[in-house]
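Analysis of the macromolecular model
For reference, the chains in residue letters:
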Amino acid sequence: MKNISLRLRLTLLLALATLIALGLAAWVVDWRADSEMQQRFDAALLARAQALTALVRIEDNQIEVDTNADQGSVFPGDIRASRYELRCNGTTVARTAQAPPSVPVHAFPQFTNDVVGDDNVLRVVAMRFSPLSGDSSESGSRANKNRQSTTCDLRYAMDRGSLDDILDTLDLILLGSIFGACALVLALTPWLVQRGLRPLAVLDAAMAGIGPEAPSRRLPRTDTPELTPLVARFNEVLVRMDEGLSRERQFAAGLAHELRTRLAELRTLVDVEIRYPSGDDPRAPLREIGKIGGELEATVTALLQLTRIESGLQSAQRERVDLEALLARVLARHADAAQTRNARIECIAPSAPVEIDTDPTLLEIILDNLLGNAIAYAPMGDTISLHCANDTLRVDNAAPGLDAGDIARFGQRFWRKGADENGAGHAGLGLALADAAARALDMRLHFTLESGRLRATLSWSNM
């Protein structure tokens, strides 16, 4: 069944189901018809036998059969097809030329089949009865006594060939109907299946136009209930693929831009030193080259972290985090940069220790980038305020070069204002990385500009 087409598979399954269903229905109909016709045949046979028992009389203590009765009314139809034998008190009173088969006689009528001759099947009824009294001069008590002392056994048989012929004809009709219906199903099912699978052909045509060259294409809506969830899931997969492709393109474009800029700086530095040797300490250009290499490494690392967070590859691993201890590590890491820019960090901690249920790595990325961005872009000698509360953390620094329109661009990759001044050495990825990490932790990071000072607020709740 692996290499069979869906159309042929459905055809075979429907034909098999039709064959089973019609076969069971035909079996039930045949069983009910056989039973009903058998009951009617037995009723007619019993009526004939009872009609014969009604002719038996006791006359002057003798068993007699009323031969003056109209045989046509007693035995309607072909009398030659009937056989009977009447025995009273062990003596044969009347019988046909061909006696019926010998079967046991009981108090109640018993029916049985018997084969005689060349497959000639007889239906036999055997019954025991007491004949009626035909002597009118006899007293009632004496007549009843004679009747009770006399018992007669009647075996009556009829040829059931006509019944079997009807049943065989009915079987042929039912069998022919089954095979005819199956042949009709086999003939019509491929066409019906083709019409039923038409929505799949529509989806196949729509899928042919989906690819990297058309990333925004989606499968059309369908009114088929069975295909609706499939189309929805496939479109969701396309959305995720497009998002991943967009992130890869953005990563490649951003990395190419930063590498091109930094590599151009390296080539210019080397070319100038080769053509116009300064004669200074040769370690100075090497230090500059090392600095540019470190910045390139930091850029690539930040891009990789940002891509992993946005794609869901780096998910939050939550645990109880002591916020004060985490802030101490971040402050220690940026102490040299703050001293270089003569910046003073004013840390306002809450009265009680703050513990939150979050991912320490992602939270450290947020704090590291917020504090590093504040130190890098704040004016020389500025005071940077770091305020920690139970559900928020704020970083405040002077930002004289920013305006309200710049706040809307915060978090964009590779955007930085004043790159030729304080922004030198920064790829503009810090705030984008912090914003992505905050979303991964279900936190909210927003920026406000008041009286020339930039405030970054990280808020959380229910942690």
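To start, this report covers the structure provided alongside it.

Analysis parameters
Residues numbered from 1 in each chain as written. Predicted model: local features only at pLDDT ≥ 70, side-chain atom pairs only at ≥ 80, totals over all residues. Heavy atoms only, no water. Disulfide = S-S within 2.5 Å. Helix = DSSP H or I, 4+ residues; strand = E, 2+ residues; numbered from the N terminus. Phe/Tyr/Trp six-rings, centres within 6.5 Å; stacked < 30°, edge-to-face > 60°. Buried < 20%, exposed > 50% of the residue type's maximum accessible area, 1.4 Å probe, protein only. Core = buried A, V, L, I, M, F, W, Y, C linked by side-chain atoms within 4.5 Å. Contact = heavy atoms within 4.5 Å. Expected span 1.5 Å × (residues − 1). Polar contact = N/O pair within 3.5 Å; in protein donor to acceptor, adjacent residues only side chain to side chain. Axes fitted to C-alpha atoms, helices over the stretch in contact; angles between N-to-C directions. Parallel < 35°, antiparallel > 145°, perpendicular 65-115°, else oblique. Left-handed = near helix turned anticlockwise from the far one by under 90°. Nonpolar A, V, L, I, M, F, W, Y, C, P; charged D, E, K, R; others polar.

Here we take up the state of the cysteines. A complete count under the given rule lists one disulfide for this structure. Between C88 and C152 runs a disulfide, and the two sulfur atoms are separated by 1.9 Å. An S-S torsion of about 110 degrees defines the bridge between C88 and C152 as right-handed. Of this pair, C88 sits in strand β3 (residues 82-88) while C152 is found in strand β8 (residues 152-159), placing the two residues 64 residues apart along the sequence. Take C347: it sits in no disulfide, and the sulfur closest to it among the cysteines is that of C388, at 7.3 Å.

Here the structure, examined in full by the defined rule, presents two aromatic pairs. With centroids separated by 6.5 Å and ring planes inclined at 10 degrees, the aromatic side chains of W27 and W31 adopt a geometry described as stacked. Taken together, the residues span about one helical turn, with W27 and W31 both in helix α1 (residues 6-53) at a distance of four residues. For W27, a relative accessible area of 57% corresponds to the exposed category.

In summary, soluble globular proteins display a tendency toward joint burial of nonpolar side chains. Grouped together as the largest cluster of nonpolar side chains are 43 residues, with contacts concentrated most on L323, L363, L393 and F447. Breaking this core down by element, the ones donating at least two residues are α8 (323-333), α10 (360-377), β12 (383-388), β13 (392-398), α12 (430-440), β14 (444-450) and β15 (453-459). The element contributing the most residues to this core is α10, with nine residues. Once residues lying within four places of it in the same chain are set aside, the contact partners of L323 are V354, L363, L367, C388, L393 and W460. Residues L52, V125, Y156 and L167 belong to the second largest nonpolar core, which totals 19 residues.

Across its 18 residues, α10 extends 26 Å between first and last C-alpha, which sits within 8% of the 26 Å expected from 1.5 Å per residue. Taking burial as the measure, the 18 residues of α10 include 15 buried ones, the bulk of the element. The opening residue of α10, the one whose side-chain oxygen lies 2.9 Å from the backbone nitrogen of T361, is D359.

Quick look at the packing of α1 against helix α4 (residues 161-196) now. Axis separation between α1 and α4 bottoms out at 9 Å; the angle between their running directions is 160 degrees. The orientation of α1 relative to α4 falls into the category roughly antiparallel. Read as a crossing pair, α1 and α4 show a hand that is right-handed. Looking at side-chain class alone, the contact of α1 with α4 contains 22 nonpolar, six polar and four charged residues.

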